[in-house]
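Observations on the three-dimensional arrangement
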Amino acid sequence: MKVDLIKLKNLKGFIEKLFSIVLIIILSVNLSLADVKHNSNISGINVANVYPTSEKIPENILRFYIYFDAPMREGNIFDFIKLFDEHNNEMSHVFFDSVHELWTPDHKRLTLLLDPGRVKSGLQANSAMGRAFTANKKYKLIVSEGFEAISGLKTTADYVKVFTATSEDREGINISRWQIEFPKHDLDKLKIDFKEPVDHVSAQHFILIVDHSGKEIEGSIDLQPNETGLVFEPTLPWVKGQYRILINHRFEDIVANNINGAFDHKVGSLMSLNEGEVSSIEFHIPTE
Amino acid sequence: MKHSISIKVLISTLFLTQFALASEPKSTNVLEFNDKGILFIADSTSSTIYGYETSMDSNKQAIGGYNLKGIDSKLAKHLQIKVRDLAIKDMALHPITKEAYFAISYVKKGQYHPAIVTVNQLGKIKNFDLKKTKHTEYLVSNTTKSKEKYWGKTPLSSLMFTDIDFHKGNLYVSGLSNAEFSSTLRVIPFPFVDKAMSEVSVEVFHANHNQMETRAPIRTLDIVELDGKEYLIAAYTCTPLVSIPLDQIKNGAHIVGKTIAELGYGNTPIDFISFTAQDWNKNNYDVLMLSNKNQSAQVIPLSAISQSNKEKGLDSFAGFQLAGTKATPVPMTGIMQLADQDNYHLLALRRNADNGEVELVSYMKNLYFRLSDFESEYDHPGYAYSSDGSQEMIKGIQNMMKKDEGFADEVVK
């Protein structure tokens, strides 16, 4: 009997052990499931955005920007980034296959250039193959799943940008056509309507507001849909006085025409030969 | 309270110390040597060009050819990483020791890191110390002209250095912006002096019926002398070859380069080198060699460039053919990097199409192929060169190539 009791105790101990093992297993399975769930959240990296955001893009476009959620690996971008025509045929020789991939230092933004040879009039690539896009036709830019981040995680879904090509744009940017809503009171915003989609980096980088002493006014820039305008909100309220909007002539639209002239221009037609010219528009805040 | 003040003091001291020290590259993108052994490193991440002093000690292997297979695996092993985590950005050859210097970017612990490593003919790999080696630096802001004091401080628009060339005390620097289509060519005197950089904007002239010109970033460049005058020859992103007289490159100038050739569209030129070649009659002639990403390398005699340069430039569509200066394709493909090694050799980093491995190998100048890449009837067992002497020259060349490519035991007496 004693023996049996011992056995029973042992059995009890065994059952308890078994129970605790099962519990540990259940817990760890739960934990690992939680891990998996957590990981799948982390691994859900993907394309965050593609610029230009417009669904209508001139046929002589020179550049797309792809923003990712995470720092990405360089080296084989064209295994994952492709263009398709309206018949779903993959297009060849469209991108400029640079030896250097154009990533930002944080590896979260990739600049894709379209083969400039096909965009420029008079070069062989343009004459032989024409432009990559034809007005009124539909195209798809696809960043396919599996694009690897530096962390080793990969994009989990295809990102598809559908756009329609519009006729070529070979006009330099004319600042006098911009519609500007100047601020009048301390809390007003400054609004600029560019009247066409512009390069989103240019809009954020090549326009500055300065006060009468030339000091830059800090503030935030909000881009309007399709990058056709911006809204500037100063960090501190405006104070009475003179201000200037400075526009660098390297400011580009989405086909790389800038303020000096069109990307592809006739000899002698540039407004200035100096790439670094600055235009200035003055405005006045009348009250505090 | 006292404690927090001392921490503040410590932090500010550390900050000042860090500030006072010269920086080191955050990325290594483009390399170039001058004849005094200064290694220039262009760092696109911090928009800076560094000039490092290097050892001029002689290398016993300096005169030999390179025959290193699987160099990618060896470099990866040296850096304790996987091959897929290694990217070779550029290669330059030390003018005296003839060691190959590699600009590397590698992934470790979820981050890209820069490195310079050297390799000699025996395959010995050494780290080049970017911290301790004496160096100077020049910050190349991605802006032009003094009026632009406001611009260039945000990382929205950054410049990817595409090539640098050292010529008579100046560095000629080309770059590709990731946010604008600028065509600025920069010239920086060395030794570096603050604010000494000149900038010129270069347009490319296409002499077609519309007389068009365009902004375009230079992909690779070299400086050559044509009929006693110096020219910068630039290969553009869609392979037109453009000549720019060097004496026109002055700060603030706007230059229109002449398109003298189109060497194949849908192609990215990788490197330009110029050297003296020799024909079968042992006459010397200067050539420009262009290595390409999407087609075989091309050799162009400078005399042909000089001739095209005297003409008005390309003015009509040449069908699907190449146009302008005649370039001779040579059987060098898969070339990732190319350098002028010595009087007899070109050094190439190439990808072997059969096994995908990366190799560091020398090609003999004028021949532009490697005997060991091919299997010909000369290699068949029992093949005997004709005894009548008609193949003596072939035999001599093949024996020379066998020795050079590391197969001295296969030399036929």
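As the structure is a prediction and not an experimental result, all values here were calculated from the model.

Moving on: the overall build of chain A. Counting its secondary structure elements, chain A contains four helices and 16 strands. Burial statistics for chain A: of 288 residues in total, 47% are counted as buried. In chain A, the proportion of contacts linking residues at least 24 apart, taken out of those at least 6 apart, comes to 67%. In the structure as shown, chain A presents an accessible area of about 14300 Å², 55% of it carried by carbon and sulfur atoms.

Below, the discussion takes up the confidence of the model for chain A. Looking at chain A, pLDDT values average 83 and 79% of them are 70 or higher. Between the elements of chain A, mean pLDDT differs from a low of 48, seen in helix 1 (residues 2-42) of chain A, to a high of 98, seen in strand 10 (residues 190-193) of chain A.

Another point: the pattern of salt bridges. Following the criterion strictly, the structure yields 20 salt bridges over all chains and no others. Across the pair E230(B) and K168(B) runs a salt bridge whose closest N-O atoms are separated by 2.9 Å. Taken together, the positions of E230(B) in strand 16 (residues 229-236) and K168(B) in the loop between strand 10 (159-167) and strand 11 (170-177) put the pair 62 residues apart, joining distant regions of the chain. Judged by its relative accessible area of 23%, E230(B) falls in the partly exposed class. You can call K168(B) exposed: its relative accessible area is 63%. Between E359(B) and R350(B) there is a salt bridge, with its nearest N and O atoms 2.8 Å apart. By sharing partners, the salt bridges in this structure join R73(A), E148(A), R84(B) and D85(B) into a single network.

Any empty space left between the atoms is revealed when a probe the size of a water molecule rolls over them. Summed over all chains, the structure comprises six cavities of 30 Å³ or more. Size it by volume and the largest cavity reaches roughly 80 Å³. Along its surface, the largest cavity is lined by V99(A), H100(A), V30(B), K89(B), D90(B), T162(B), D163(B), R219(B), I270(B), D271(B) and Q337(B). For the lining of the largest cavity, the elements supplying multiple residues, two or more each, are strand 5 (86-93), strand 10 and strand 19 (269-278) of chain B. Of the residues that constitute the lining of the largest cavity, the class distribution is three nonpolar, three polar and five charged.

Note that predicted coordinates carrying low pLDDT should not be read in detail. Averaged over all residues, the pLDDT of chain B is 83; the fraction at 70 or higher stands at 84%. When the criterion is pLDDT under 50, residues 144-148 of chain B qualifies, and its contacts beyond four places in sequence or with other chains add up to 16 contacts.

Here we take up the sheet that holds strand 2 (residues 56-58) of chain A. Residue and element names in this part refer to chain A. Taking strand neighbours across the sheet as the criterion, the four strands line up as 2-8-7-4 in an open arrangement whose pairing is mixed. Of all the strands in the sheet, the pair left with one neighbour each is strand 2 and strand 4 (81-84). Averaged over neighbouring strand pairs, the angle between their axes works out to 35 degrees when direction is ignored. Alignment of strand 2 against strand 8 (residues 159-166), held across three bridges, turns out to be parallel. Pairing of P58 across the sheet is with T166, part of strand 8.

To continue, consider the packing of aromatic side chains. A ring pair, where both rings are aromatic, is described by two values, the distance of the centres and the angle of the planes. Residues and elements named next belong to chain A. Applying the stated criterion to the full structure yields 27 aromatic pairs over all chains. Between Y51 and Y67, the ring centres sit 5.6 Å apart and the planes meet at 70 degrees, which makes this aromatic pair edge-to-face. With Y51 in strand 1 (residues 47-51) and Y67 in strand 3 (residues 63-68), this residue pair connects regions lying 16 residues apart in the sequence. By relative accessible area, which is 16% here, Y51 ends up buried. Pairing F68 with F147 gives two aromatic rings, centres 5.0 Å apart and planes at 55 degrees, and the pair type is tilted. Remark: F147 occurs in the loop between strand 7 (138-143) and strand 8 and F68 occurs in strand 3; sequence separation between them is 79 residues.

A separate point is the environment of S177(B). Residues and elements named next belong to chain B. By the secondary structure assignment, S177 is in strand 11. S177 gets classed as buried once you look at its relative accessible area, which sits at 6%. Remark: the alpha-carbon pair of S177 and L159, spanning 18 residues in sequence, is separated by 4.3 Å.

It is worth spelling out the environment of V287(B) at this point. Residues and elements named next belong to chain B. Locating V287 in the fold gives a position in strand 20 (residues 284-292). The class of V287 is buried, set by a relative accessible area of 0%. When the C-alpha positions of V287 and I300 are compared, they lie 5.5 Å apart, and in sequence the two are 13 residues distant. If near-sequence neighbours (up to four positions away) are discounted, V287 is found in contact with I273, S274, F275, A277, V299, I300, P301 and L302.

A word on helix 2 (residues 71-78) of chain B. All names here are of chain B. What helix 2 keeps buried is the set I71, D72, L75 and A76. The arc enclosing the buried residues of helix 2, seen along the axis, measures out at 135 degrees, which places them on a common side. Once helix 2 ends, the next one or two residues include Q80, with phi positive near 55 degrees.

Rules used in this analysis
- Residues numbered from 1 in each chain as written.
- Chains lettered and ligands numbered in written order.
- Predicted model: local features only at pLDDT ≥ 70, side-chain atom pairs only at ≥ 80, totals over all residues.
- Heavy atoms only, no water.
- Helix = DSSP H or I, 4+ residues; strand = E, 2+ residues; numbered from the N terminus.
- Buried < 20%, exposed > 50% of the residue type's maximum accessible area, 1.4 Å probe, protein only.
- Contact = heavy atoms within 4.5 Å.
- Areas by Shrake-Rupley, 256 points an atom, 1.4 Å probe, with all protein chains shown as cover.
- pLDDT = per-residue confidence, 0-100.
- Salt bridge = Lys/Arg side-chain N within 4 Å of Asp/Glu carboxyl O.
- 1 Å grid on protein atoms, 1.4 Å probe; cavity = no way out; pocket = protein on both sides within 12 Å on 5 of 7 lines; lining within 4 Å.
- Points joined across faces, edges and corners; volume = space filled by probe spheres on them.
- Nonpolar A, V, L, I, M, F, W, Y, C, P; charged D, E, K, R; others polar.
- Pairing = 2+ DSSP bridges.
- Axes fitted to C-alpha atoms, helices over the stretch in contact; angles between N-to-C directions.
- Phe/Tyr/Trp six-rings, centres within 6.5 Å; stacked < 30°, edge-to-face > 60°.
- Arc of directions from axis to C-beta.

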